[in-house]
Amino acid sequence: MLAHVLNTQGPFDGILGFSQGGALAVLLAKLLQGPQDCLAFPVPVDHPQFKFVILAGAFDVEPEEYQSIYATKLDIPSLHMTGEYDTVIESSRSRKIMEVFVDPVIYEFRGGHFIPQTPESLRVVRSFLLPFIPDLPAVQ
């Protein structure tokens, strides 16, 4: 289904993933980088690599057979938002995802397992997105 969406509705500049969606966003970016030893699209996908990834409360996929996915780094800009009081996702699992990227931008906010919506967090996201969307409106 996701391969079909990428082929028929793309290309997409980037991807935003929260929690399980963050884990999936990383898997999609890895698959667009090339087939993985343990995972591949079921049909051919004609979609370029994402220009950026934004993750909030993201974590790694735990089954041992998928761990090779994290062996090579993704060289695309990434913003990782993590709540310092997140009791749903262990911080070690969020850090593992951050380490998959060559130069991750990390934003830790006061809060738990959610996507922050404070003026400060909006400025962080806007600043991250400006190279990709130059005419992005300012945060009020």
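> Lay out the packing of aromatic side chains with the relevant residues and their values.
Under the criterion given, the structure shown has five aromatic pairs. Considering the side-chain rings of phenylalanine 128 and phenylalanine 132, the 5.9 Å spacing of their centres and the 55° angle between planes classify their relative orientation as tilted. Members of the aromatic cluster, each reached through a chain of ring pairs, are Phe52, Phe128 and Phe132.

> Report on the nonpolar core, specifying residues and quantitative values.
Membership of the largest hydrophobic core comes to 23 residues, with the highest contact counts inside it found for Val26, Phe50, Val53, Leu55, Tyr70, Ile97 and Phe101. If you list the elements that add at least two residues to this core, you get helix H2 (20-33) and strand E2 (52-56).

> Hey, could you go over the pattern of salt bridges for me, with residue numbers and the actual values?
Inspection of the entire model under this criterion finds one salt bridge. The shortest N-O distance in the salt bridge between aspartate 13 and lysine 51 comes to 3.4 Å. Of this pair, aspartate 13 sits in the loop between helix H1 (2-9) and strand E1 (14-18) while lysine 51 sits in the loop between H2 and E2, and the two are 38 residues apart along the sequence. With a relative accessible area of 43%, aspartate 13 lands in the partly exposed category.

Thresholds, definitions, all that
- Residues numbered from 1 in each chain as written.
- Predicted model: local features only at pLDDT ≥ 70, side-chain atom pairs only at ≥ 80, totals over all residues.
- Heavy atoms only, no water.
- Phe/Tyr/Trp six-rings, centres within 6.5 Å; stacked < 30°, edge-to-face > 60°.
- Core = buried A, V, L, I, M, F, W, Y, C linked by side-chain atoms within 4.5 Å.
- Buried < 20%, exposed > 50% of the residue type's maximum accessible area, 1.4 Å probe, protein only.
- Helix = DSSP H or I, 4+ residues; strand = E, 2+ residues; numbered from the N terminus.
- Salt bridge = Lys/Arg side-chain N within 4 Å of Asp/Glu carboxyl O.

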